[in-house]
Amino acid sequence: MNNKLLVLIINDMVIFPNNEVRIEYDNLYDSQMIDIVNKIEDDLMLIVNPIDEENIDITSFPKYGVLGKLKLKMNVPNGKTRIIIEGISRVELSSFVEDCNFFKADYKLIEIKEDDECKNYFNILIKSLENYIAKVPYMGNAILGQLNGMNSLDELCDLIVSFLPLKYNDKKKYITTVDPIERCKFLIADMNRDLKFVELEQKIELEVEKEINQSQKEYFLREKIKLMQQEIGDSKGKDSEVVVFTKKINKLKCSTKVKDKIKREIERYDSLNNNSPELGMLREYLDWMLNLPWNKFTKDTDDLNKVKNILDSSHYALTEAKERIIEYLAVKQNTNNLKSPIICLVGPPGVGKTSLALSIAKSLNRNTAKISVGGINDEAEIVGHRRTYIGANPGRIIQGIRKAGTANPVFIIDEIDKMTKDIKGDPASSLLEVLDPEQNSKFSDHYIEEEFDLSKVMFIATANYVEQIPYELKDRLEIINISSYTEYEKLDIAKNHLIPRALEEHGLTPLQVQITDEAIMLLIRNYTKEAGVRELGRMISSLFRKIVKKILLDKNKVFYNIDFFVVEELLGKKKYLYTETSEVDEVGVVNGMAYTVFGGDILPIEATLFKGSGNLILTGSLGEVMQESCHIALDYIKSNMDKFNIDNKILLENDVHIHVPEGAVNKDGPSAGVTITSALISLLLNKKVSRDVAMTGEITLRGRVLGIGGLKEKVIGAHRASIKKVFVPLENEADLEEIPKEIKNDIEFIKVSNYSDIYNYIFKR
Ligand code: ADP
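Remember, predicted model here, so these are calculated numbers, not experimental data.

Colleague: Quick rundown of the sheet that holds strand 7 (residues 342-346)? Include the residues and the values.
Modeller: As summarised here, the arrangement of the five strands in space is 8-9-12-7-13, forming an open sheet in which the pairing is parallel. Looking at strand neighbours, the two that pair on one side only are strand 8 (368-372) and strand 13 (477-481), the edges of this open sheet. The average undirected angle you get between the axes of adjacent strands in this sheet is 20°. Looking at chain direction, strand 8 and strand 9 (residues 410-414) are connected through five bridges and run parallel.

Colleague: Help me get a handle on the pairing of strand 3 (residues 44-48), residues and values and all.
Modeller: Taking burial as the measure, the five residues of strand 3 include four buried ones, the bulk of the element. Pairing between strand 1 (residues 5-9) and strand 3: three bridges, direction parallel. The residue of strand 3 that forms the bridge with Val7 is Leu46. Pairing geometry for strand 3 and strand 4 (residues 64-75), over four bridges, is antiparallel. Paired with Leu46 across the strands is Leu67, a residue of strand 4.

Colleague: Outline the packing of aromatic side chains, supporting the account with residue identities and numerical values.
Modeller: The way to describe two aromatic rings as a pair is by their centre distance and the angle between their planes. Applying the stated criterion across every chain yields a total of 15 aromatic pairs. Ring centres of Tyr285 and Tyr447 lie 5.6 Å apart, and the angle between their planes is 65°; on these two criteria the pair is classed as edge-to-face. Here the residue Tyr285 occupies a position in helix 9 (residues 278-291), and Tyr447 occupies one in the loop between strand 10 (443-444) and strand 11 (451-452), the gap between them amounting to 162 residues. Taking the relative accessible area as the measure of exposure, Tyr285 reaches 1% and is therefore buried. By way of ring pairs, the aromatic residues Tyr636, Phe644, Tyr755, Tyr759 and Phe763 are connected into one cluster. For the cation-ring pair, Arg387 lies above Tyr285, with the distance from its terminal atom to the ring centre recorded as 3.5 Å. Between the NZ or CZ atom of Arg402 and the centre of the ring of Trp288, over which it lies, the distance is 4.6 Å.

Colleague: Which residues make up the site of the ligand, and what values do they have?
Modeller: If you check the shell around the ligand, you find 18 residues, and the closest are Gly350, Lys353, Thr354, Ser355 and Arg534. In this structure, Val351 approaches the ligand through a main-chain N or O atom, which is 3.2 Å from a nitrogen atom. Coverage of the ligand by the protein chains reaches 88% of its 560 Å² of free accessible surface.

Colleague: Which residues make up the packing of helix 17 (residues 487-505) against helix 18 (residues 517-527), and what are the values?
Modeller: One can describe the packing of helix 17 onto helix 18 by two numbers: an axis separation of 10 Å at closest approach and a directional angle of 115°. Here helix 18 runs roughly perpendicular to helix 17, going by the angle between their axes. At the point where helix 17 passes helix 18, the crossing takes the right-handed sense. Between helix 17 and helix 18, the contacting residues are Glu487, Tyr488, Lys490, Leu491, Ala494, Lys495 and Ile499 on the first element and Asp517, Ile520, Met521, Ile524 and Arg525 on the second.

Colleague: Please provide a residue-by-residue account of the side chain of Thr81, values included.
Modeller: Note on placement: Thr81 falls in strand 5 (residues 81-99). Given a relative accessible area of 12%, Thr81 falls into the buried group. Within polar-contact distance, the side chain of Thr81 engages the side chain of Asn75 at 3.3 Å. With near-sequence residues (within four places) excluded, Thr81 lies in contact with Ile23, Glu24, Tyr25, Lys73, Met74, Asn75 and Val76.

Colleague: I'd like a rundown of a nonpolar patch on the surface, residues and numbers included.
Modeller: Together, Leu200, Ile204 and Val208 give the surface a local cluster of nonpolar side chains, amounting to about 260 Å² of exposed area. Position of Ile204 relative to the elements: it lies in helix 6 (residues 180-231). Overall, Ile204 belongs to the partly exposed group, its relative accessible area being 47%.

Colleague: Could you give an account of the nonpolar core, naming the residues involved and the relevant values?
Modeller: Counting 56 residues, the largest nonpolar core has Ile416, Leu431 and Leu435 as its most contacted members. For this core, the element with the highest residue contribution is helix 9, accounting for seven residues. With 55 residues, the next largest nonpolar core counts Leu311, Tyr328, Phe544 and Ile562 among its residues.

Colleague: Could you give an account of a negative patch on the surface, naming the residues involved and the relevant values?
Modeller: A grouping of Glu114, Asp115, Asp116, Glu117, Glu155, Asp179 and Glu182 is seen on the molecular surface, where their side chains present a negatively charged patch. Examined against the element boundaries, Asp179 turns out to sit in the loop between helix 5 (168-176) and helix 6. A relative accessible area of 38% places Asp179 in the partly exposed class.

Colleague: Tell me about helix 2 (residues 116-135), and please be specific about residues and values.
Modeller: Between its terminal C-alpha atoms helix 2 stretches 29 Å, which fits the 28 Å expected from 20 residues at 1.5 Å a residue. Turning to helix 2, its buried residues are Cys118, Tyr121, Phe122, Leu125, Ile126, Ser128, Leu129, Tyr132 and Ile133.

Colleague: Could you give an account of helix 11 (residues 319-335), with specific residues and numbers?
Modeller: Between its first and last C-alpha, helix 11 extends 24 Å over 17 residues, near the 24 Å set by a 1.5 Å rise per residue. Considered for burial, the residues of helix 11 that qualify are Ala321, Lys322, Ile325, Ile326, Tyr328, Leu329 and Lys332. Here the buried residues of helix 11 occupy an arc of 160° about the axis, which is enough to place them on one side. Exposed residues pointing more than 90 degrees away from the buried face of helix 11 are listed as Thr319, Glu320 and Asn334.

About the cut-offs
Residues numbered from 1 in each chain as written. Predicted model: local features only at pLDDT ≥ 70, side-chain atom pairs only at ≥ 80, totals over all residues. Heavy atoms only, no water. Pairing = 2+ DSSP bridges. Helix = DSSP H or I, 4+ residues; strand = E, 2+ residues; numbered from the N terminus. Axes fitted to C-alpha atoms, helices over the stretch in contact; angles between N-to-C directions. Buried < 20%, exposed > 50% of the residue type's maximum accessible area, 1.4 Å probe, protein only. Phe/Tyr/Trp six-rings, centres within 6.5 Å; stacked < 30°, edge-to-face > 60°. Lys NZ or Arg CZ within 6 Å of the ring centre and 35° of its normal. Near = heavy atom within 4 Å. Polar contact = N/O pair within 3.5 Å; in protein donor to acceptor, adjacent residues only side chain to side chain. Areas by Shrake-Rupley, 256 points an atom, 1.4 Å probe, with all protein chains shown as cover. Parallel < 35°, antiparallel > 145°, perpendicular 65-115°, else oblique. Left-handed = near helix turned anticlockwise from the far one by under 90°. Contact = heavy atoms within 4.5 Å. Patch = residues over 30% accessible without salt bridge, like charges linked within 9 Å, V, L, I, M, F, W, Y side chains within 5 Å. Salt bridge = Lys/Arg side-chain N within 4 Å of Asp/Glu carboxyl O. Core = buried A, V, L, I, M, F, W, Y, C linked by side-chain atoms within 4.5 Å. Lys, Arg positive; Asp, Glu negative; His and termini not counted. Charge placed at Lys NZ, Arg CZ, Asp CG, Glu CD. Expected span 1.5 Å × (residues − 1). Arc of directions from axis to C-beta.

What follows is the structure, given as C-alpha cells:
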C-alpha cells in the first residue's frame with residue numbers, strides 16, 4: 001500500500017488507464033487541489049467517480065479508482081485553467097480521510113494476470129470491435145492504430161471503452177469491474193446493443209428515404225398532371241375529391257371495420273393513376289359507402305294512440321287492416337321483438353296498400369323506402385352485382401336504404417307476388433335473406449361487400465294475390481287482406497279524402513266547388529272500373545282541373561256545383577258500362593261471378609246446342625282451368641242424366657257449345673264450375689234460369705261445390721248488376737260476414753255444398 005494521495009472527484013467523465021483527458025476548471029477548490037498535486041504530490045492523484053453524486057462524503061467512494069498523473073497545466077484566455085491528466089493504472093482504494101476539505105485515500109496498484117481464456121476473449125473482442133467499426137458510422141477507425149503490439153485483454157478493454165460513445169453512468173462500471181473478462185463481456189454486450197440500434201436506425205432511414213423518394217416522385221407527377229389539367233381546362237382533379245372523401249369519412253358514423261375499409265379504398269383511390277379505368281368505378285363505390293346511413297336512426301313514436309289517429313285520418317275504413325297493424329306494433333313494442341313477422345298487405349290495386357304503409361311510416365316518425373320487385377327475375381336485383389362486374393351497382397335493398405337516409409325506415413316492397421324465377425337465380429330466396437330476422441342483421445350486398453344491418457328496418461310487403469306469393473316468403477309474412485271497396489265505401493273515401501285533397505291541390509275551396517253524391521257515383525260507376533280508388537282520384541283531379549280553367553277564364557263564375565250532368569259535360573261520354581244481365585230470361589244463359597284486379601263483375605255464361613255427335617266446343621278467351629271446368633261440368637251432367645231428367649239422346653245427336661262473352665275480365669278460374677253446369681242443364685232441359693240469379697263455386701266430378709276467392713268483390717259486382725239471389729259455396733260462409741250491410745239487404749244468399757242444392761232450387765221448382 002502506498003502513501004495516501006489526494007482524491008480528484010469527477011462527476012461527469014471517466015478516465016481510464018492509458019488514456020489522457022483534458023479538463024478545464026475555474027473554481028478555487030479544484031485550483032487549490034491541482035496546485036497541491038502539482039507542487040507536493042509529484043503530479044499524482046487518485047481519480048474517483050463517486051457512487052452517490054449528490055451527497056459526497058467518504059462513504060460515497062467506490063472501492064476502485066484510477067491513479068492519475070497531471071501532464072499539463074495552463075491558463076487559457078477565458079479565465080479558466082486547463083489541465084491534461086493521464087490515467088496510469090486501476091487502483092484499489094482504502095482508508096479514505098477528509099483533510100482540510102480535501103479527501104485522501106490509500107491505494108494499491110492492481111496487477112492482472114492474464115491466461116489463455118483472456119487470450120480467447122482478446123481475439124473475440126478484436127473481431128467484435130472490427131465489426132462494430134465497420135457498421136457504426138460515427139465510430140472512426142483511429143482506435144485500430146493503437147492496437148499494434150497490444151496483447152493484454154485488460155488494456156484492450158480500457159482502450160475500447162474510452163472510445164465508445166457510452167453514457168457516464170454506463171462507463172463507471174468499467175472502472176470498478178476489475179476482471180478483464182467481465183469487462184470484455186460488458187463491452188461486447190454494449191457494442192451489440194449499439195449495433196442493433198444502428199441497424200434499426202439505418203432501416204428506418206432507408207424506408208423514410210424510399211418514401212420520400214416515392215412521394216416526391218408522386219408529388220412531381222401530380223403537380224405535372226394538375227398543370228396539364230389546368231392547361232386543358234379541367235382543374236377539378238382527384239385530389240380535391242380525396243379531400244372531400246376524407247372529410248366525409250371522418251364524420252361518418254359507422255363501425256370501425258367499415259371505416260377501415262372505406263379508408264383503405266380512399267387510399268387506393270388516391271394512389272390510382274389519373275387515367276386508370278378503375279378510377280370511375282372506385283369513385284362510385286366510395287360515393288355509395290360514404291352515403292349509406294350506417295348508423296343513422298329516427299326515434300319511433302311510442303304513443304300508439306297517435307299512430308292510430310294518423311292512420312284513421314289518412315285512410316277511411318280498412319278497420320281490420322288498421323287494427324291488425326296496431327296490434328302488430330303493440331306486440332313489437334311490448335316485447336321489443338325484432339323477430340316478428342313481416343306485414344304483407346294483400347289486395348287489388350288502388351285499395352291503399354302503399355299509402356297505408358306510408359302512413360304507418362309517418363305515424364311512427366320513420367323515413368320511407370319503396371321498391372317494386374314485380375317482374376324481376378335476377379337475384380342481383382336484390383343483392384347487387386359484384387364490383388368486378390362492369391356497370392355494377394348495389395341491389396335494390398341498399399338503393400332503397402340510401403334513398404331513405406336512415407337505417408330504420410319503413411321499407412315497402414311492392415308486388416312481392418310478381419317475381420319470377422329463371423336461370424339468373426331466384427330473387428325470392430334472396431329476398432328471404434333480407435326479410436329473415438335471423439339473417440338480416442348481417443345483410444351482405446355483393447357490391448357493398450360489407451355487412452349492413454337491416455334488423456331495425458320495418459319491412460312491409462304488398463301483393464295483389466296471396467296465392468302467387470312465393471311459398472317460402474309467404475311463410476314469413478303476416479298477411480293482412482285489404483279487399484275491394486264497395487261503391488258506398490268509394491263514395492265515402494271520395495267525400496272524406498279524395499275530394500278534400502284534390503280541392504287543396506287545385507287551390508279550390510269547398511265553398512267554391514261542390515259535388516253531389518250522384519255525380520260521385522257516376523264517376524265511380526261509369527268513369528272508373530277498379531277495385532280501389534286510384535282511378536277515381538284521377539278522375540276527380542281531372543274534373544277539378546277543368547273547373548279551375550273555367551274559373552280563371554270566366555271571372556264572373558266563381559262557384560260550381562258539380563252534378564250528374566256537369567260530369568258528363570266535362571268528362572265526355574261514359575267510359576265503362578258494367579256487364580248487365582240480359583233483358584229477358586233465356587235458356588242456356590246463367591250469370592256467373594268474376595273477380596279481377598278491377599274488382600268484381602258478373603259473368604254470364606252461354607250454352608247452345610246444335611246437330612252433331614256429342615262434341616264440346618268452347619269459345620271466348622277461356623284459360624286452361626276454365627276449359628277443364630267445362631269438361632268436368634259436362635261429365636258430371638252425363639253421369640247424372642237420370643237425376644236431372646235429361647234425355648240421353650240429346651247429347652248423342654248434338655254438339656254442345658259453351659261461350660263466355662269477351663270482356664275485360666280474367667276468366668281463368670275454376671269458380672265458374674257451377675255456372676257452366678247450370679247453363680248446360682238449362683240448355684238440356686230447355687228451362688230458363690232467372691237473370692236475377694248469380695252463382696259462384698268450383699264443381700267436382702261428383703258434384704261437390706268447393707270454395708272460391710274474392711267473394712266480397714264478386715258480390716259487389718253482382719249487386720251493381722241488380723242481382724237478387726246469389727248461390728255461394730258453404731265453404732265461403734265466413735266470407736259473408738264481410739259483405740256490407742246495404743248489399744245484404746238487397747241480395748239473398750243461398751249457401752250450397754253440392755250442386756244438387758242449386759239444381760233443386762232453380763230447376764225443380
Ligand atoms: P295500392 O298500393 O293498394 O295499389 P295506393 O296506396 O297507391 O294503392 O292508393 C291509391 C290512392 O288511393 C292513394 O292516393 C290513396 O291515398 C287512396 N286511398 C286508397 N284507399 C284509401 C282509403 N281507405 N282512404 C283514403 N284514401 C285511400
